[in-house]
Amino acid sequence: MSVEDILAVIPARAGSKSLPGKNLRAIGGTSLIERTVRAFRAARLSEAELIVSTNDHDVAVEAKALGVDVPFVRPEQLSTDASSSIDVALHALAHLRESIGRCPKLFMLLQPTTPFRNPVHISEAVALLLNEKDLDAIVSVKNLHRGPGQLYVLNEKSRARTLTTGSAKPTDTYTPNGSLYLARTAALIKHQSLTPPNLALYPMDAIASIDIDTPFDFAIAETVVRQNIWHELSDTIGNKPA
């Protein structure tokens, strides 16, 4: 594979209402952006290109200081609360196609708001997709520890009903944790989705699945570091508790 065969994108827009400036907030002295960059580099994917997609000048400055390319300013219409990750992905791919005349074989999305991903998660996901030729994509997930019959939705009268009447085991349900999306570019474009058919799940534990969107989430992440709850990565990655 050549360096263009995997495009990895860190999406980091400005304008979070629940936690302003969250992508540059530091946990254990390292910003969420830098944690994601270090984890990616520690995965040692020499065939991958890493870029940051942002409309935030300060994020762009930090990314460039870390040696990460910021090849464009993300359009404002793709930088709102309603913007979807697939639209951000398609925009990045279109820019790359215009720049070099082709798209990479694989596309990866790494949200900086899941700061406890392990580089092994990244490298294993890539290896799995490359080795399993029938797979279109892999998404990282966390276990809900609830079976479908223990999950409820509300109807139009605000009355509860279970998702299913089956007796699936509690370990049978998962939800994306936001840490990693990896897809064959052709399938992503064809289905206009980061989770096209022939999708595999990559389970992560509760700490690796922490997703920061609110001050409460950030406080949990700070506690994880402060209390030495999570210590899987070395100081060179920047994710070891201070």
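All figures in this text were calculated on a predicted structure; none of them were measured in a lab. (Residues numbered from 1 in each chain as written. Predicted model: local features only at pLDDT ≥ 70, side-chain atom pairs only at ≥ 80, totals over all residues. Heavy atoms only, no water.)

### Let's talk about the nonpolar core
Quick note on the threshold: What makes a nonpolar core is a set of buried Ala, Val, Leu, Ile, Met, Phe, Trp, Tyr and Cys residues whose side-chain atoms join them at distances within 4.5 Å. Here's how the labels work: a residue is buried when its accessible area is under 20% of the maximum for its type, exposed when over 50%, partly exposed in between, all with a 1.4 Å probe on protein chains only. For helices the rule is a DSSP run of H or I covering at least 4 residues; for strands it is a run of E covering at least 2, with both sets numbered from the N terminus onward. Any pair of residues with heavy atoms lying within 4.5 Å of one another is described as a contacting pair.
Ranked by size, the top nonpolar core spans 34 residues in total, and within it Phe-40, Leu-45, Met-108, Ile-122 and Leu-182 carry the most contacts. Within the residue set of this core, elements represented by two or more residues are strand E1 (6–11), helix H1 (32–42), strand E4 (48–53), helix H2 (57–65), strand E5 (106–109), helix H4 (119–131), strand E9 (174–184) and strand E10 (199–203). If near-sequence neighbours (up to four positions away) are discounted, Ile-122 is found in contact with Ala-39, Phe-40, Ala-43, Leu-45, Met-108, Leu-110, Arg-117 and Leu-180. One finds Ala-89, Leu-93, Leu-188 and Leu-194 within the second-largest nonpolar core, a separate group that totals 19 residues.

### What about unusual backbone geometry?
At Gln-192, a position not held by glycine, the phi torsion is positive, near 50°. Along the chain, the position of Gln-192 falls in the loop between helix H5 (185–191) and E10. Among the residues examined, Gln-192 registers a relative accessible area of 46% and is labelled partly exposed. Positive phi, close to 60°, is recorded for Asn-198, a residue that is not glycine.

### Let's talk about the side chain of Ser-209
Locating Ser-209 in the fold gives a position in the loop between E10 and helix H6 (215–226). In contact with Ser-209, other than residues within four places in its own chain, are Val-141, Lys-142, Asn-177 and Met-204.

### Remarks on the packing of aromatic side chains
As a reminder of what qualifies: Pairs were defined over the aromatic rings of Phe, Tyr and Trp, the Trp ring being its six-membered one, requiring ring centres within 6.5 Å. Orientation was assigned from the angle between planes: stacked under 30 degrees, edge-to-face over 60, tilted for the rest. Whether a charge sits over a ring depends on NZ of Lys or CZ of Arg being within 6 Å of the ring centre and within 35 degrees of the ring normal.
Under the criterion given, the structure shown has 0 aromatic pairs. A cation over an aromatic ring shows up here: Arg-25 above the ring of Phe-218, its NZ or CZ 5.6 Å from the ring centre.

### Section: the sheet that holds E9
The condition that has to hold: Strand pairing is defined by DSSP finding a minimum of two bridges between the two strands. For helices, the axis comes from a line fit to the C-alpha atoms of the stretch in contact; other axes are also lines fit to C-alpha atoms, and the angle between any two N-to-C directions lies between 0 and 180 degrees.
Sheet architecture is open: 6 strands sit in the order E4-E1-E5-E9-E6-E10, paired in mixed fashion. Edge positions in the open sheet fall to E4 and E10, since each of these has one partner strand only. For this sheet, the mean inter-axis angle between neighbouring strands, taken without regard to orientation, is 25°. As judged from the 4 bridges shared by E1 and E5, these two strands associate in the parallel manner. Across the sheet, residue Ala-8 finds its bridge partner in E5, namely Met-108. In the packing of helix H3 (residues 85–100) onto the sheet, contacts are made with E1, E4 and E5, and the angle to E1 comes to roughly 130°. Strands in contact with H4 are E1, E5, strand E6 (137–143), E9 and E10; relative to E9, the strand with the most contacts, it is inclined by about 55°.

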